[in-house]
Amino acid sequence: MGIYEKLGLKHIINASETYTNLGGSLMDSRTVAAMEEAARGFVDIPEMIECVGKRAAELTHNEAAHVTTGAAGGVVLSAVACMCGCDEEKLNLLPNTDDIQHRDILLYEGEYLNLIPYWKLIRYTGARIRLVKPNVQAMLDEVNERTAAVFLFPGRLYETGVPACEDTIPALKAKGVNVVVDAAAQLPPISNFWYYTRELGADLCIFSGGKHIRGPQSTGLIVGRRALIDAVRFSAAPNAQIGRPYKTGKEELAGFITALEIFVNEGNESLYQRQQLQLDRLEELLRLGGLNEIERLKEGRLGTFQPLMHVLLPAGKTAKACNAFARKMEQPVDIGFYGDEFGKAENLIFLNAYNLSDDELNAVANAVLAYVHAEEN
Ligand SMILES: *Cc1c(COP(=O)(O)O)cnc(C)c1O
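Residues numbered from 1 in each chain as written. Predicted model: local features only at pLDDT ≥ 70, side-chain atom pairs only at ≥ 80, totals over all residues. Heavy atoms only, no water.

J.: Looking at this structure, how should I read helix α14 (residues 361-373)?
T.: Counting along an α-helix, one turn takes 3.6 residues, and residues three or four places apart therefore face a common direction. Compared with an ideal rise of 1.5 Å per residue, which puts 13 residues at 18 Å, α14 spans 18 Å between its outermost C-alpha atoms and is within 8% of the ideal. When α14 is considered as a whole, its buried residues turn out to be Leu361, Val364, Ala365, Ala367, Val368, Leu369, Tyr371 and Val372. For α14, the secondary structure elements touched by its buried residues are β1 (13-14), α12 (268-288), α13 (319-327), β11 (333-334) and β13 (348-351). (Helix = DSSP H or I, 4+ residues; strand = E, 2+ residues; numbered from the N terminus. Expected span 1.5 Å × (residues − 1). Buried < 20%, exposed > 50% of the residue type's maximum accessible area, 1.4 Å probe, protein only. Contact = heavy atoms within 4.5 Å.)

This is how it looks when you write it as structure tokens:
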């Protein structure tokens, strides 16, 4: 009996997204092996954090990097670094920021604040969040001697109605203010590892380790300027500062760096092609089952470099009901459905091969077809 069965749970096939609610992504067997090996011996943890960070910086073409507990942990640690630097006296005051000069964190106002509420975590640190009208000049006007940083959230959906990173970051850099980008799910392409920092000029950029990188679910990556990464590390575990709750173990560090290496070495094209072939097969199975309104897309839902498939279910059927139906099957499958914020037809499902293996494709097609052909009652 497997561990999920022992716990009374069912293994789910993920045809939707790298959702945390499903467990993010699956680790390569080499990543699991690295974690297992790390679990068998002690090591000097500060030294390991240092050298894993150095290797991650090399692999992502950044000055410096730090591996943390997830992109959400990265958001908190980045805010702290921008407020306090490596100043222990300031860190000891948190979350009281009355006597901290750089304590304001600026965000654009916008609908995205409701879609990705991770910015709220910045408040843990005691930072004062100030919402700014969504235009670049307004943001420039709001920057002053109390500003610790500006946080930005790229992605097509999130940037709807707010200025893009491409317009905001260079303007802010001319003013010398810290810019932090939360690009947690903006992968692939791997060039995004250095796009926001080296090309646009952001000081820090945050990625999720447990989504597209396929690292341990509980990991994340902060890349960027060395002085700020040093500050991140200073406030983070194993030090007993505000970042101590964001502790990565030797197993996660070993797993993350192995996953990152595999992700970077596989390259965008080969990853894309593998998914494309899987979607070809899925499309074939769905057409054989009588579904013909199928569209193939060249980009992921947030504009990432991955293929996607849209399937319009027959009138009267809904994507949400399809998901619920497939999740209740003997072999549960998670079928993609768009939230209302995307403004899509309610009978449109999406299928994403990022987390699928070849031998799961039949089950995915069967689940969709079983829903479509199920008798109404
Ligand atoms: C997923 C996500 C996070 C949280 O990432 P974790 O690695 O699960 O902590 C933060 N910000 C954005 C934009 C995300 O998409």
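J.: Would you mind going over the environment of Phe151 with me for this structure?
T.: If you trace the backbone, Phe151 turns up in strand β5 (residues 147-152). Judged by its relative accessible area of 0%, Phe151 falls in the buried class. In the structure, Phe151 is positioned 39 residues away from Tyr112 in sequence and 13 Å away in space, judged by C-alpha atoms. With residues near it in sequence (within four places) discarded, Phe151 still touches Val75, Ser78, Ala79, Ile105, Leu106, Leu107, Ile122 and Val180.

J.: Sorry, what's going on with the site of the ligand here?
T.: Taken together, Thr20, Gly70, Ala71, Ala72, Tyr118, Asp182, Ala184, Ala185, Ser208 and Lys211 make up all the residues around the ligand. A distance of 2.4 Å separates an oxygen atom of the ligand from a polar side-chain atom of Ser208. If the ligand stood free it would expose 380 Å²; the protein chains cover 89% of that surface. Judged by the fraction of its atoms near the pocket grid, the ligand is located in the largest pocket. Along the lines of polarity and charge, the residues of the shell around the ligand split into 5 nonpolar, 3 polar and 2 charged. (Near = heavy atom within 4 Å. Polar contact = N/O pair within 3.5 Å; in protein donor to acceptor, adjacent residues only side chain to side chain. Areas by Shrake-Rupley, 256 points an atom, 1.4 Å probe, with all protein chains shown as cover. 1 Å grid on protein atoms, 1.4 Å probe; cavity = no way out; pocket = protein on both sides within 12 Å on 5 of 7 lines; lining within 4 Å. Sits in = over half its atoms within 2 Å of the grid points. Nonpolar A, V, L, I, M, F, W, Y, C, P; charged D, E, K, R; others polar.)

J.: Which parts of the structure should I look at to understand the nonpolar core?
T.: The tendency in soluble globular proteins is for nonpolar side chains to be buried as a group. Counting residues in hydrophobic clusters, the biggest one holds 95 residues, and the most contacted among them are Tyr112, Phe151, Phe193, Phe207, Ile213, Leu221 and Leu260. Once you skip the residues sitting within four places of it in the chain, Leu260 turns out to touch Ala56, Leu59, Thr60, Phe193 and Ile213. Ranked by size, the runner-up nonpolar core spans 28 residues in total, among them Ala15, Leu282, Leu285 and Leu356. (Core = buried A, V, L, I, M, F, W, Y, C linked by side-chain atoms within 4.5 Å.)

J.: Just to check I follow, could you spell out the layout of surface pockets for this structure?
T.: To find leftover empty space, one rolls a probe the size of a water molecule over the atoms. For the largest pocket, the calculated volume is near 910 Å³. What lines the largest pocket is a set of 40 residues, among which Tyr19, Tyr118, Tyr158, Lys211 and Arg301 lie closest to the centre. It is helix α4 (residues 71-84) that provides the largest number of residues to the lining of the largest pocket, a total of 3 residues. (Points joined across faces, edges and corners; volume = space filled by probe spheres on them.)

J.: It is not clear to me how unusual backbone geometry should be interpreted in this structure. Could you clarify?
T.: Most peptide bonds are trans, and most residues other than glycine sit at a negative phi. The omega angle of the peptide bond from Pro188 to Pro189 is 15 degrees, so this bond is cis rather than trans. The topology assignment puts Pro189 in the loop between β6 (179-182) and α9 (192-199). Cis rather than trans, the peptide bond between Ala237 and Pro238 has omega equal to 10 degrees. Topologically, Pro238 is positioned in the loop between α10 (226-235) and α11 (250-266).

J.: Looking at this structure, how should I read the packing of aromatic side chains?
T.: Two descriptors summarise a pair of aromatic rings, namely the distance from one centre to the other and the angle between the planes of the rings. In the structure shown here, the tally under the stated rule is 8 aromatic pairs. Ring centres 5.7 Å apart and planes at 35 degrees place the aromatic pair Tyr112 and Phe153 in the tilted group. Placement of the pair is Tyr112 in helix α6 (residues 112-115) and Phe153 in the loop between β5 and α8 (165-175), with a sequence separation of 41 residues. Taking the relative accessible area as the measure of exposure, Tyr112 reaches 4% and is therefore buried. Connected via pairs of aromatic rings, a cluster forms that spans Phe193, Phe207 and Phe263. In this arrangement the basic side chain of Lys317 is found over the ring face of Tyr371, its NZ or CZ atom lying 5.0 Å from the centre. In this structure, Lys344 packs its charged tip against the face of Tyr338, placed 5.3 Å from the ring centre. (Phe/Tyr/Trp six-rings, centres within 6.5 Å; stacked < 30°, edge-to-face > 60°. Lys NZ or Arg CZ within 6 Å of the ring centre and 35° of its normal.)

J.: When you look at the sheet that holds strand β12 (residues 336-337) in this model, what are you seeing that I'm missing?
T.: An order of β9-β10-β13-β12 is seen for the 4 strands of this open sheet, with the pairing classed as antiparallel. Of all strands in the sheet, those with a lone pairing partner are β9 (294-297) and β12, marking the two edges. Here 4 bridges tie β9 to strand β10 (residues 308-312), and the two strands are oriented antiparallel to one another. Within β10, the residue paired with Glu295 across the bridge is His310. Sheet strands in contact with α12 are β9, β10 and β13, and its direction is about 175 degrees off that of β9. (Pairing = 2+ DSSP bridges. Axes fitted to C-alpha atoms, helices over the stretch in contact; angles between N-to-C directions.)

J.: Can you help me understand the pattern of salt bridges in this one?
T.: As a working rule, side chains carrying opposite charge can pair if their charged atoms are close by. Using the criterion set out here, one finds 22 salt bridges in the structure. Across the pair Arg130 and Asp104 runs a salt bridge whose closest N-O atoms are separated by 3.2 Å. Of this pair, Arg130 sits in strand β4 (residues 128-132) while Asp104 sits in strand β3 (residues 104-108), and the two are 26 residues apart along the sequence. Overall, Asp104 belongs to the buried group, its relative accessible area being 0%. Of the charged contacts in the structure, one is a salt bridge between Glu283 and Arg287, with a shortest N-O distance of 2.9 Å. Of this pair, Glu283 and Arg287 both sit in helix α12, separated by 4 residues, roughly a single helical turn. Residue classification places Glu283 among the buried residues on the basis of a relative accessible area of 14%. Taken together, the shared-partner salt bridges in this structure form one network comprising Arg103, Asp104, Arg128, Arg130 and Glu142. (Salt bridge = Lys/Arg side-chain N within 4 Å of Asp/Glu carboxyl O.)

Read these as spatial facts, not as claims about activity.
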